[in-house]
Structures are given as C-alpha cells and as structure tokens.
Amino acid sequence: MTKQRVAVLGSTGSIGVNTLDVLARHPERFEVFALTAASRVDEMLAQCARFKPAYAVMADEAAGRLLASRIKAEGISTRVLSGETALCEVAAHEATDVVMAAIVGAAGLAPCLAAARAGKRLLLANKEAIVVGGALFMDAVREGGALLLPIDSEHSAIFQCLPEDRSTWSQRIDHILLTSSGGPFRERDPATFSAVTPEQAVAHPNFAMGRKISVDSATMMNKALEVIEAKWLFDLAPEQVRVLIHPQQIVHSMVVCRDNSVLAQLGTPDMRVPIAYGLSFPERIESGAAALDFTKLTGLSFQSPDHLRYPGLALAWETLRGPAGSTAVLNAANEIAVAAFLDRRIRFDQIHAVNFSVLESISPRLSAAAPPAALEDLLALDERSRAVAEQCVQRLSLQAA
Ligand code: NAD
Ligand code: MG
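Only a predicted model underlies this, so the values are computations on that prediction, with no experimental measurement involved.

1. Quick look at the site of ligand 1
Okay, step 1: Of all residues adjacent to ligand 1, which total 26 residues, the nearest are Gly10, Gly13, Ala107, Met209 and Gly210.
Okay, step 2: Of all the secondary structure elements, the ones that give two or more residues to the shell around ligand 1 are α1 (14-24), α6 (127-144) and α10 (211-219).
Okay, step 3: Considering every element that reaches the shell around ligand 1, the biggest residue donor is α1, with 3 residues.

Below is the structure:
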C-alpha cells in the first residue's frame, strides 16, 4: 500500500497533537508531509525532530525565522516556510494526499479552501472555517472533487450513522440531534456568570481542548457553531438540526430517520476516534481510545438546553435564517469576544452581549440580493465584523473601568 502523505494544519494544538498520536500508530499507512502552527517554535521543533516532515510552516514570520535557524542547528532536513500563503501552498501541494484542518478560527478558511479546490481528503476540525465559508466552502469541495470528512465528534457521529451513498441522505433524515456536554457551568447559577474567570471557563469537565473552544463550550457557542456546521455538512434545513444536553458524552450524536428509527454513535469521549475514522474511512483503524465498558455506565441522561443559561445557542438558527453572511458575522464577533474575555477585558456574560450587538448592527445591512460570493468578500465581512466587535468590547471595558 502506498503511504498517504498528511499535512497537519495546526499541529501544535489539541487536535493536531491527537492527530499525530493516531498517525504515529500507523507508520506503514501514513507519512507526515507537512506540519503548521501559529507561533510556538519549541513544540514545532520537537514535532519536526520526531516526524521529519518535508515542510514546516509557521504562520508568524518571526517564528518562522527562529524555527529555520533551530532546524538547521539540529541538522533536521525539514524545509521551513512562513506566512498564510505558505499554509495554502502545503494544503494544496501536489504531494499532499490528506489535509487535517485543525487551525482554530476563521484564519483556517483560506487553507481549507485551497485543500478543497485541490481535491484533497479534507479532515475538518476547524468548524469556524465552514461557518464562515458556508456555500463557498461546499462549492469548493464539489468543484475540486475533495472528500470532506468531519472530525468534530458530533458530526463524525452523524456521518458514521449515515450510509456512504450521500444521495440517500436527504430522503432518510428527518432531523439530527447534536449532543452537548453542557460545559462546565451546566449547573452553576446563571446569576453568578458575571464572576466566571477564564481559568474556570477553560477547565472543561471531560476533554483537554484549546482555550477558544473551551470558552465556546462554556457559553454553548460551540454548539451554535456546530449547528451551522451540520447544516452545511449534511445539507439540512435549520429546523432539522436540534440540540440535546447529554452530560456523560457517551452518545456523540444521533440521526432520527423518517420512520422515527434513531441511529446513534457511542464511545468513550476521545477525539482520536473521529480522527482515526477520518484518516481511514471507509476502513477502520486502531485509534488508541479505550473501549466503552457498558457495565460501568451509571446512566445516560438527556435534556433540552435552557436558553436563558445559554442565550447564544439560538443565534445559530437566527443567523442561518438571516441573510447570507450572517453566520460569518456571528463567528467574527465571537472570536473577538472570546479573546477579550480571555484577556480579562470583558466579563463572561458579556460575550453574548458582544455577539448579539454585532449581529444587530451588521446583519440588517447584509443584502439578501448580493450575498458574499468570493473569499475576498467573506474576509472583508469578517474584518468589518471584527472591527465592530472590537468597538463593542472597548465600550464595555470602559464602562467597567
Ligand atoms: P488549539 O488552540 O489547541 O490549537 C490551534 C492550532 O492552530 C495551533 O496549532 C495553533 O498554532 C494554530 N493556529 C492558531 N491560530 C492560527 C493562525 N492565525 N494561523 C495559523 N495557525 C494558527 O485548538 P484545538 O482545540 O486543537 O481546536 C482546533 C480546531 O478544532 C478548532 O476549530 C476547534 O473548534 C476544533 N475542534 C476541537 C476539538 C478539541 O477537542 N480540541 C474538538 C472538535 C473540534
Ligand atoms: Mg464538537
């Protein structure tokens, strides 16, 4: 079997590290062709020493120069590149077979589009890219002949419950149920949300994840982004995507069929399962995850999300029903709000205030007649939304001072 050459975008992050763990279990099947990261040089150097990729890319130019000198000093043969264009180049490189998109945020959109247009097997963890890219993203996949495989555990679960023949999906699915842990504040009194610290918000009960997705899981904006992601991945109407809180995180999501038969995918919560499935589909390979011991399960519970506790969740359906571009506005506002919360510039409960206010100010001015059609349009809208969100953050932090 010829080895599949893999480019891991965001290799120093939580998904990136889990991907390298799975790849390292199957050296006969996969070869690491390229690794990319934002700025963490020490971690990238260690990964290059271990996996000997042909390319390493640092998004940050100064970090790229530092990495290049250290790679040279250590006598490693990896070529170092830097900047966003280089991220797109390795994603679309003719020698790349598989791209793991594990960058966080809209920063990952351009490399995802490059991989999609080049017809790669594209493993999508970077949900913000599809939330911003929407129809443009799906068109790029279709036109490039790429194989888009979900890595988000809920979407991988849905995908695993569906037959390989996509043309049957719409006929089968009545709706899907995305499960959510409810995050670390599922039982905390919402009246105390103004006092939540960044440390409390990133301490997720079941997983060690990146800081941004950890905060999103506390506000349930993560689920809002996943509702939007599901709409695009499975070509569903907004009302066909529903959410259930399931604190045990054993059922990773479900498909409710037209005949009310329900298909679910279960397992221990471990991101290496969806990663291994994306890498090996339609086959299955060892992932490193522990087997589920049914005799040790004390119970599985499900409940509807409380919209007062998680006010941001409803914005998913609202933006999906709004003019095209609304989901990109929501994502940009949320990226700025989360970063401001982590920098202690705004309070936890103000993340929603920023998201809501940016949507209110920009969405009505989006034209249903002229939806953003190209990457440049979406990036311009992303930038404009970030500027409005930044103003909103400044207003809120001045009020607090
Ligand atoms: P993380 O913060 O741990 O890692 C992010 C990676 O992206 C790092 O390698 C970082 O260097 C790189 N990066 C950050 N900003 C960049 C930029 N501007 N340009 C280029 N590279 C940049 O995040 P994570 O938890 O691994 O999440 C990655 C993506 O996967 C997110 O979109 C997240 O929503 C999604 N996801 C994560 C999990 C999880 O369990 N961690 C589960 C499902 C989906
Ligand atoms: Mg998820």
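2. Some points on the UniProt feature "domain: DXP reductoisomerase C-terminal" (unreviewed entry) in the chain
Okay, step 1: Those residues carrying the UniProt feature "domain: DXP reductoisomerase C-terminal" (unreviewed entry) are residues 266-387 in this numbering.
Okay, step 2: Secondary structure within residues 266-387 divides into 48% helix and 1% strand; the distance between the first and last C-alpha atoms comes to 42 Å.

3. Notes on α10
Okay, step 1: Burial analysis of α10 places 8 of its 9 residues in the buried class, the great majority of the element.
Okay, step 2: When α10 is considered as a whole, its buried residues turn out to be Lys212, Ile213, Ser214, Val215, Asp216, Ser217, Ala218 and Thr219.
Okay, step 3: Where the residues of α10 are buried, they touch α9 (198-202), α11 (221-234), α14 (326-342) and α15 (350-362).
Okay, step 4: Of the residues flanking the end of α10, it is Met220, one or two places downstream, whose phi is positive at about 70°.

4. So, the sheet that holds strand β8 (residues 173-180)
Okay, step 1: One open sheet accounts for 4 strands, arranged β9-β8-β10-β11; its pairing is mixed. The open sheet has two edge strands with one neighbour each: β9 (241-245) and β11 (262-266). Ignoring which end each strand starts from, the neighbouring axes of this sheet average 20° apart.
Okay, step 2: Helix α7 (residues 153-161) rests against β8, β10 (251-257) and β11 of the sheet, and its axis sits at about 45° to β10.
Okay, step 3: Helix-sheet contacts for α11 involve β8 and β9, and the interaxial angle to β8 is about 150°.

5. Structural notes on the environment of Met271
Okay, step 1: Note that Met271 resides in the loop between β11 and α12 (272-280).
Okay, step 2: In this structure Met271 comes out as buried when scored by C-beta crowding, with 25 C-beta atoms within 10 Å.
Okay, step 3: C-alpha separation for the pair Met271 and Glu283, spaced 12 residues apart in sequence, amounts to 17 Å.

6. Observations regarding the pairing of strand β6 (residues 121-124)
Okay, step 1: Alignment of strand β5 (residues 98-101) against β6, held across 4 bridges, turns out to be parallel. Residue Val98 lies in a different strand from β6, and its bridge partner there is Arg121.
Okay, step 2: On the question of chirality, the crossover connecting β5 to the parallel β6 by way of helix α5 (residues 109-117) is right-handed.
Okay, step 3: Across 4 bridges, β6 lies against strand β7 (residues 147-150) in parallel orientation. Paired with Arg121 across the bridge in β7 is Leu147.
Okay, step 4: Handedness of the β6-α6-β7 crossover: right-handed.

7. A word on the UniProt feature "domain: 1-deoxy-D-xylulose 5-phosphate reductoisomerase N-terminal" (unreviewed entry) in the chain
Okay, step 1: The positions that UniProt labels "domain: 1-deoxy-D-xylulose 5-phosphate reductoisomerase N-terminal" (unreviewed entry) are, in the present scheme, residues 6-134.
Okay, step 2: What you have in residues 6-134 is 47% helix and 22% strand, and the ends, taken at the C-alpha atoms, are 25 Å apart.

8. A short note on the nonpolar core
Okay, step 1: In terms of nonpolar packing, the biggest core is built from 124 residues, with Ala101, Leu122 and Ala337 touching the most fellow members.
Okay, step 2: Among the elements that line this core, the one with the most residues is α14, at 10 residues.
Okay, step 3: Setting aside anything within four residues of it in sequence, one finds Ala101 in contact with Leu9, Gly108, Pro111, Cys112, Ala115, Leu122, Leu123, Leu124, Ala125, Asn126 and Ala129.

9. Structural notes on the environment of Glu199
Okay, step 1: The residue Glu199 is located in helix α9 in this model.
Okay, step 2: Each C-alpha atom, one on Glu199 and one on Arg50, is 32 Å from the other, the two residues being 149 residues apart in sequence.

10. Quick notes on the environment of Gly16
Okay, step 1: Tracing the backbone shows Gly16 in helix α1.
Okay, step 2: For Gly16, a count of 24 C-beta atoms within 10 Å gives the class buried.
Okay, step 3: Placed 19 residues apart in sequence, Gly16 and Leu35 show a C-alpha to C-alpha distance of 9.0 Å.

Cut-offs and rules
- Residues numbered from 1 in each chain as written.
- Chains lettered and ligands numbered in written order.
- Predicted model: local features only at pLDDT ≥ 70, side-chain atom pairs only at ≥ 80, totals over all residues.
- Near = placed C-beta within 6 Å.
- Helix = DSSP H or I, 4+ residues; strand = E, 2+ residues; numbered from the N terminus.
- UniProt positions renumbered as here; feature names shortened; annotations may be inferred.
- Buried ≥ 20, exposed ≤ 12 C-beta atoms within 10 Å, placed from the backbone.
- Contact = placed C-beta atoms within 7 Å.
- Pairing = 2+ DSSP bridges.
- Axes fitted to C-alpha atoms, helices over the stretch in contact; angles between N-to-C directions.
- Right-handed = clockwise from strand over helix to strand, strands pointing away.
- Core = buried A, V, L, I, M, F, W, Y, C linked by C-beta atoms within 7 Å.

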